[in-house]
Amino acid sequence: MDYPLIRVMTAGDNPDTDTPVEDITLPYPDNGGGVLAPLSASSEEETLDFTRFKEITGAKVKYVLKFSHLSVDTYNSLLNKLVLSNTAYDIYFKYARWSQSSDWVQVIANIGNQEVDNGLTDVSTTLDLTEVNSRI
Amino acid sequence: MSQTVSAKFTELSEANTRLLAYNAMIAWLKSFDDTIDFFTIGTSTIGGSDIIKGAEDNIFIFDQFKYYDETDHLLQLEYERSFELPLSGLSKALATINLHNFDNKYTYLHDATIGSAVTLPKRPIKLSLGFKDKLAELVQIFVGYTKPPINDYKNRRVAIKAADAMDYIYNYTFESSTMWVDKRTDEIIADVLEEIGFTANQYSLDTGLNTIPYAWVDKGQKAGPFLKDLCEAELAHIFVSETGLVTFQNRSNWASSQALITEKFDDSSIIDLTSEDEDKIINIVEVNSQVREVQDLQPIWNSQGTIELAVGDTEVWADFPDPATTVNEMLGTNPITDSYFTANTASDGSGVDVTSYIDLVFTSFAKSAKMVFTNNYGGTVYITAAQIYGTPAKVVDTIYLKDQDDTSIGKYEEHPIEINNNYINTEAMAQDVIDSILGTWPDGLNVLQLEVKGKPERQLGDFVYLESSRLPDGRFFGHIVGIAGKLEPGKFKQTIKLLGYYAINKGNDIFTIGLSTIGGTDKIAAS
């Protein structure tokens, strides 16, 4: 299975046909560190006789990748494109582990703290990737 | 009564899990688009450019604008339409949408296409709601004009308020006085709408049940209160529909709807249920009306003394005690049975008649006339007599009627209201107005407010039935007189206000399709 990929695109460009600004290959996340979290804009309510109903305006998926060993170079690539950038890029994610991300899916990406352990060249961190568009 | 929707829409609307769909379109540039088609189920896409049309066949002016789809920026949508109580004569609708502005789309001059227009008021706006399904349509719930947007620059959000066309109609100021003689309510409303700029396919008017001997509006008067009085005199209703059609419904319209229940509520469909407070009780009603009728030609003004005219122009105003449908221009002549004036070199008329030296520019209005005399004699002269003839609309009948509900007064003390409406022409009409109010507001139990799952197709005037053990009588019939809807992420609820029928709700004495049985004791409601 291919490693998880982050594709950095100029805003508005197509990740399948246009030239990416940068591709960042991630290592496999930790065992148990790959989480697919369903998100929905929804509410549930009850009527006078306790009949429950639910309403939904949108639903999507959030991917959470936890890394105990991420190279400093990879972390810095993510940091420079996702946070320390004067340009707003479109970020795409692909990872065949989940059918929802087997093709490029546009996400809002947030990178967590860089945790450094003494004596190691790698760092640990968490990457949150929330889909931009509702799937319904 | 309730917008027409497809069976699929109804199915989705009543499901326990609902996928909400919505649409917000704004014609930022107010440009016309002739290529727009109406939404076709199975062909058009939700969020596409096709216009969603209501049940009416007419294409309205609102349909012809080129709209920009702002749905993907929509954070929240609220709308409200309600009749002015207690007589429910006129309804206005308001809406507010909140949009995110992370991309600065609504920041002045940022967007190449709409940037120059995003701060402007009076942009046509259409809002629709429904459910996510290719086989179901969206239902338009509001059309109107925007107010200037409020930009929250810090949080990158924009709030846009809008009012429906009734706001424009209500605040229209008549540019001249207009009079109607022996016209029905709908005929007068049609004239007013035409003057405001509406064409015949932009309104739908029931035949009015009141023929008004004399109605008039003065220059500078607002159209809204006038239309409200016209409607309330005959217990009718005027509003702008969700699709933009100005609609007048006579009293028979609602009365006949009492046999057709639009919707049935019970404890499984009501989220919250509250009654009105004591302030809404009315148990004494006074009705005052001064009925005017147009009279034959007669003197309506005279100068009451002399008017001194120096050489040159002198402006004189004549105020009439009653509005007149015709005012005859004064001529410089000897007294005849028509408008005239006479000028003399002496204030007591003992000098030389110099009427022929006086030119007059005469301008008449409904309740006044402006006279500009030009003295060409060469010295001061005097108008020794002047009179204006016209056909005044005099008060021929003063109606005063008072009635009260002693039972209600005994329980809740006096809660009076005074209705002043000069288009109530007869005591019978006055009694109808009184009965309507006393029959509706004797206690706080006859107006209910319900919080319910939102259904976009609900309309003002829908006749609904409630069944709940929580109600004093276990049941309640009423018309919807107010709808407030709110769409938030994952939620669409409506608060609806119901105006009940006290007598009906105290016993099943009205024949109701679906509830009553043929041959049973229930009666057909009188109009």
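Chemist: Hey, could you run me through the overall build of chain A in this one?
Modeler: Broken down by element type, chain A carries 1 helix and 8 strands. Listing the helices and strands of chain A from first to last along the sequence gives β-β-β-β-α-β-β-β-β. Overall size of chain A, expressed as C-alpha extent along the three principal axes, is 65 × 40 × 30 Å. Accessible area of chain A: about 7400 Å², with a carbon and sulfur share of 43%. With 10 positive and 20 negative side-chain charges, chain A shows a spacing of 3 Å between the two charge centroids.

Chemist: Is there a simple way to explain the sheet that holds strand E24 (residues 368-375) of chain B in this structure?
Modeler: Two pairing modes exist for strands in a sheet, parallel and antiparallel, and in both the strands are linked by backbone hydrogen bonds. Residue and element names in this part refer to chain B. One open sheet accounts for 3 strands, arranged E19-E24-E23; its pairing is antiparallel. Looking at which strands have only one partner, the edges of the open sheet turn out to be strand E19 (312-319) and strand E23 (358-364). Direction aside, neighbouring strands of the sheet carry axes that sit 20° apart on average. The pairing of E23 with E24 spans 7 bridges and is antiparallel. Opposite Thr363, over in E24, you have Lys370 as the bridge partner.

Chemist: Is there a simple way to think about the sheet that holds strand E13 (residues 246-249) of chain B in this case?
Modeler: Residue and element names in this part refer to chain B. Taking strand neighbours across the sheet as the criterion, the 3 strands line up as E10-E13-E12 in an open arrangement whose pairing is mixed. In the strand order of this sheet, the two ends are held by strand E10 (203-205) and strand E12 (237-240), each with one partner. Pairs of neighbouring strands in the sheet enclose a mean axial angle of 10°, with direction left out of account. Examined bridge by bridge, E10 and E13 share 3 bridges and lie parallel to one another. By the bridge assignment for E13, Ser204 is matched with Thr247.

Chemist: Would you mind showing me how to read the layout of surface pockets here?
Modeler: Any space left empty among the atoms is revealed by the rolling of a water-sized probe across them. Of the volumes computed, that of the largest pocket is approximately 1000 Å³. Around the largest pocket, the lining is made up of 29 residues, and of these Ser134 of chain A together with Tyr22, Thr71, Asp72 and Leu74 of chain B lie nearest the centre. At the level of elements, strand E3 (34-46) and strand E4 (52-71) of chain A together with strand E1 (17-26), strand E3 (74-83) and strand E29 (475-488) of chain B are the ones that each hand at least two residues to the lining of the largest pocket.

Chemist: Honestly, a negative patch on the surface in this entry has me stumped. Any pointers?
Modeler: All names here are of chain B. Together, Glu175, Asp191, Glu194 and Glu195 give the surface a local cluster of negative charge. Mapped onto the secondary structure, Asp191 falls in helix H3 (residues 185-196). A relative accessible area of 38% places Asp191 in the partly exposed class.

Chemist: Explain the interface of chain B and chain A to me, please; I cannot follow it from the model alone.
Modeler: One frequent convention defines the size of an interface as the accessible area lost when the parts assemble. Taken together, the 23 residues of chain B in the interface contact 17 residues of chain A. For the pair chain B and chain A, the summed buried surface comes to about 1700 Å²; carbon and sulfur atoms form 56% of the total. Summed over the three residues of chain B that lose the most area to chain A, namely Asn16, Ile271 and Gly490 of chain B, the buried surface amounts to 28% of that side. Across the chain B-chain A interface, the total number found is 2 salt bridges.

Chemist: Teacher, can you tell me more about the packing of H3 of chain B against helix H4 (residues 223-233) of chain B here?
Modeler: What describes two packed helices is the angle between their axes and the distance between those same axes. All names here are of chain B. Where H3 meets H4, the axes come as close as 10 Å, and the angle between the chain directions of the two elements is 165°. Between H3 and H4, the angle falls in the class roughly antiparallel. In terms of crossing hand, the pair formed by H3 and H4 is left-handed. Residues Thr185, Ile188, Ile189, Val192 and Ile196 of H3 touch H4, and the partners they reach there are Ala223, Phe226, Leu227, Leu230 and Cys231.

Chemist: Would you explain a nonpolar patch on the surface in this entry?
Modeler: Residues Met1, Tyr3 and Tyr28 of chain A make up a contiguous nonpolar surface patch of roughly 340 Å² in combined accessible area. Counting through the fold element by element, Met1 of chain A comes out in the segment before strand E1 (5-10).

Chemist: What should I look at first to understand helix H7 (residues 427-438) of chain B in this one?
Modeler: Residue pairs spaced three or four apart in an α-helix point in one direction, given the helix's 3.6 residues per turn. With 12 residues, H7 of chain B ought to run about 16 Å at 1.5 Å a step, and its terminal C-alpha atoms sit 16 Å apart, in line with that. Along H7 of chain B, the residues that are buried comprise Met429, Ala430, Val433, Ile434, Ile437 and Leu438 of chain B.

Chemist: Looking at this structure, how should I read the nonpolar core?
Modeler: Soluble, globular proteins show a tendency: their nonpolar side chains are buried together. Core analysis: the largest hydrophobic core is formed by 108 residues, its most contacted members being Phe226, Leu450 and Leu466 of chain B. Residues in contact with Leu466 of chain B, not counting those within four places in the same chain, are Phe265, Ile270, Leu273, Leu448, Leu450, Leu471, Gly474, Arg475, Phe476 and Leu498 of chain B.

Chemist: What exactly am I supposed to notice about helix H1 (residues 72-82) of chain A here?
Modeler: All names here are of chain A. Thr74, Tyr75, Leu78, Lys81 and Leu82 are the residues of H1 that are buried. Viewed end-on, H1 has its buried residues packed into an arc of 140°, placing them on one side of the element. Those residues of H1 that are buried are in contact with E1, strand E2 (22-25), E4, strand E5 (89-94), strand E6 (105-111) and strand E8 (122-131).

Chemist: Looking at this structure, I do not really get unusual backbone geometry. What am I missing?
Modeler: Of all residues except glycine, most have a negative phi; of all peptide bonds, most are trans. Residue and element names in this part refer to chain B. Here the residue pair Leu85 and Pro86 is connected by a cis peptide bond, since its omega of 15° sits within 30 degrees of zero. Locating Pro86 in the fold gives a position in the loop between E3 and strand E4 (91-100). Even without a glycine there, the phi angle at Leu109 is positive, about 65°. Checked against the element boundaries, Leu109 lands in the loop between E4 and strand E5 (124-131).

Chemist: Got a minute to help me understand the confidence of the model for chain B in this structure?
Modeler: Predicted coordinates in areas of low pLDDT are best not read in detail. Residues and elements named next belong to chain B. Averaged over all residues, the pLDDT of chain B equals 87, while 88% of them reach at least 70. Contacts from residues 46-59, a stretch scored under 50 in pLDDT, to residues over four places away or in other chains number 43 contacts. Of the regions scoring below 50 in pLDDT, residues 521-527 engages in 14 contacts with residues more than four places distant in sequence or in other chains. In the model output, the complex is listed with pTM 0.82 alongside ipTM 0.78.

The rules behind each value
- Residues numbered from 1 in each chain as written.
- Chains lettered and ligands numbered in written order.
- Predicted model: local features only at pLDDT ≥ 70, side-chain atom pairs only at ≥ 80, totals over all residues.
- Heavy atoms only, no water.
- Helix = DSSP H or I, 4+ residues; strand = E, 2+ residues; numbered from the N terminus.
- Areas by Shrake-Rupley, 256 points an atom, 1.4 Å probe, with all protein chains shown as cover.
- Lys, Arg positive; Asp, Glu negative; His and termini not counted.
- Charge placed at Lys NZ, Arg CZ, Asp CG, Glu CD.
- Pairing = 2+ DSSP bridges.
- Axes fitted to C-alpha atoms, helices over the stretch in contact; angles between N-to-C directions.
- 1 Å grid on protein atoms, 1.4 Å probe; cavity = no way out; pocket = protein on both sides within 12 Å on 5 of 7 lines; lining within 4 Å.
- Points joined across faces, edges and corners; volume = space filled by probe spheres on them.
- Patch = residues over 30% accessible without salt bridge, like charges linked within 9 Å, V, L, I, M, F, W, Y side chains within 5 Å.
- Salt bridge = Lys/Arg side-chain N within 4 Å of Asp/Glu carboxyl O.
- Buried < 20%, exposed > 50% of the residue type's maximum accessible area, 1.4 Å probe, protein only.
- Contact = heavy atoms within 4.5 Å.
- Buried area = accessible area lost by both parts, 1.4 Å probe.
- Parallel < 35°, antiparallel > 145°, perpendicular 65-115°, else oblique.
- Left-handed = near helix turned anticlockwise from the far one by under 90°.
- Expected span 1.5 Å × (residues − 1).
- Core = buried A, V, L, I, M, F, W, Y, C linked by side-chain atoms within 4.5 Å.
- Arc of directions from axis to C-beta.
- pLDDT = per-residue confidence, 0-100.

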